[in-house]
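An overview of the molecular structure
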Amino acid sequence: MKQKEDSGFWDKRSQMFDSQVLEIYKNAYKKTVKRSAAFLNQENNVLEIGCGTGIVTIQLADCVKEITAMDISREMLLRAEQKAKDLGKKNISFRCGTLMDMKFPPKSFDVVTAYNVLLYMENQEEVLDKIYKVLKPGGLFISATDCLGRSLSKEVIKKLWKSKLHLMPYMAFDTPIGLMRRIQKYGFLVLEIVNLHKNPPNIFIVGQKVEK
């Protein structure tokens, strides 16, 4: 799938996204928020990549100074914006597009987050390189994502075939160690790596930018 097709896929999923995802990953999302909050403070300017309907975004808004939340799906963003409005979260700005589309100045964010989105990025290495560039020295990259290469369950195999047949977006089949090493390769010291979900493994990783 190309970007336009991908956005259409997520636009369609937006209507039922929260109920479908939270049915399976509710505890993983709770753990994601709790572990992320431990690394954040009120001075942080945060960029969130692939914010979806804002499940994590909204909960972390009170922990930081400002969040720039982006997604390729306008329908997902509309739902996230409505949540923010309903809950009075005024420190979140929403932008439609990909990280590669955006012209952020180098070293402009204290923290970059990417929750449950890395596995859908065919250009994962380009994205990691740009994340490194937009982070301030010592800044943090916080990610949580399924690592489907660890256990090929029936559900994972089903997703693989759907992806191959272009019925859903590209999906990476990383292992936790493989993903961690890739993040390290692009200039990050891994401070934490933990599994938040049994099957498929949902791997939470915190990396700190180190000068190359």
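Residues numbered from 1 in each chain as written. Predicted model: local features only at pLDDT ≥ 70, side-chain atom pairs only at ≥ 80, totals over all residues. Heavy atoms only, no water.

**Observations concerning the state of the cysteines**
Taken as a whole and judged by the stated rule, the model has zero disulfides. Distance from the sulfur of Cys51, which forms no disulfide, to the nearest cysteine sulfur (Cys96) is 9.4 Å. Classification of Cys51 by relative accessible area gives buried; the value is 6%. (Disulfide = S-S within 2.5 Å. Buried < 20%, exposed > 50% of the residue type's maximum accessible area, 1.4 Å probe, protein only.)

**Some words on the pairing of strand E6 (residues 188-195)**
In this structure, E6 lies alongside strand E7 (residues 202-209), joined through seven bridges in antiparallel fashion. By the bridge assignment, Ile193 is partnered in E7 with Ile205. (Pairing = 2+ DSSP bridges. Helix = DSSP H or I, 4+ residues; strand = E, 2+ residues; numbered from the N terminus.)

**Digging into a nonpolar patch on the surface**
On the surface, Leu189, Leu191 and Val210 cluster together into a nonpolar patch covering about 230 Å² of accessible area. Following the sequence through the fold, Val210 ends up in the segment after E7. (Patch = residues over 30% accessible without salt bridge, like charges linked within 9 Å, V, L, I, M, F, W, Y side chains within 5 Å. Areas by Shrake-Rupley, 256 points an atom, 1.4 Å probe, with all protein chains shown as cover. Salt bridge = Lys/Arg side-chain N within 4 Å of Asp/Glu carboxyl O.)

**Focus on helix H2 (residues 17-37)**
In an α-helix, one turn spans 3.6 residues, which is why side chains three or four residues apart end up on the same side. Compared with an ideal rise of 1.5 Å per residue, which puts 21 residues at 30 Å, H2 spans 23 Å between its outermost C-alpha atoms and falls more than 12% short. At Tyr25, H2 shows its maximal bend, which comes to roughly 80°. Every buried residue of H2 is listed here: Phe17, Val21, Tyr25, Ala28, Tyr29, Thr32, Val33 and Ser36. (Expected span 1.5 Å × (residues − 1). Bend = angle between axes of the 7 residues up to and from the residue.)

**A closer look at the sheet that holds strand E5 (residues 135-146)**
Strand order in this open sheet of seven strands is E3-E2-E1-E4-E5-E7-E6, and the pairing throughout is mixed. The open sheet has two free edges, formed respectively by strand E3 (92-96) and E6, since each of these has just one partner strand. Recorded for the sheet is a direction-independent mean angle of 15° between the axes of neighbouring strands. Relative to E7, H2 is tilted by about 15°, and along the sheet it contacts strand E4 (109-115), E5, E6 and E7. (Axes fitted to C-alpha atoms, helices over the stretch in contact; angles between N-to-C directions. Contact = heavy atoms within 4.5 Å.)

**Some words on the pattern of salt bridges**
This model, assessed by the stated rule, comprises nine salt bridges. Of the charged contacts, one joins Lys136 and Asp110 as a salt bridge, the two residues approaching to 3.3 Å between their closest N and O atoms. With Lys136 in strand E5 and Asp110 in strand E4, this residue pair connects regions lying 26 residues apart in the sequence. The class of Lys136 is partly exposed, set by a relative accessible area of 31%. Because the salt bridges share partners, they merge into one network encompassing Glu125, Asp174, Arg182 and Lys185.

**Remarks on the pairing of E7**
Summarising burial for E7: seven of the eight residues are buried, a large majority. Bridge count for E5 against E7 is seven bridges, and the pairing is antiparallel. Paired with Ser143 across the bridge in E7 is Ile205. Counting the residues in the hairpin turn of E6 and E7 gives six residues.

**Some remarks on the nonpolar core**
Within soluble globular proteins, side chains that are nonpolar tend to cluster in buried spots. If you look at the biggest cluster of nonpolar residues, it comprises 37 residues, and the most contacted ones within it are Phe17, Tyr29, Ile67, Ile92, Phe94 and Ile142. When residues of this core are assigned to their parent elements, the largest contribution, six residues, is made by H2. With residues up to four places along the chain from it excluded, the contact list for Ile142 reads Ser36, Phe39, Leu40, Val111, Val112, Thr113, Ala114, Tyr115, Phe204, Ile205 and Val206. Counting 28 residues, the second largest nonpolar core, distinct from the first, contains Leu47, Tyr132, Ile183 and Ile203. (Core = buried A, V, L, I, M, F, W, Y, C linked by side-chain atoms within 4.5 Å.)

**What to know about the environment of Met70**
Checked against the element boundaries, Met70 lands in strand E2 (residues 66-71). Considering only alpha carbons, one finds Met70 and Leu47, 23 residues apart in sequence, at a separation of 7.8 Å. Discounting chain neighbours no more than four positions away, the residues touching Met70 are Leu47, Glu48, Ile49, Gly50, Cys51, Leu77, Arg95, Gly97, Thr98, Leu99, Met102 and Phe104.

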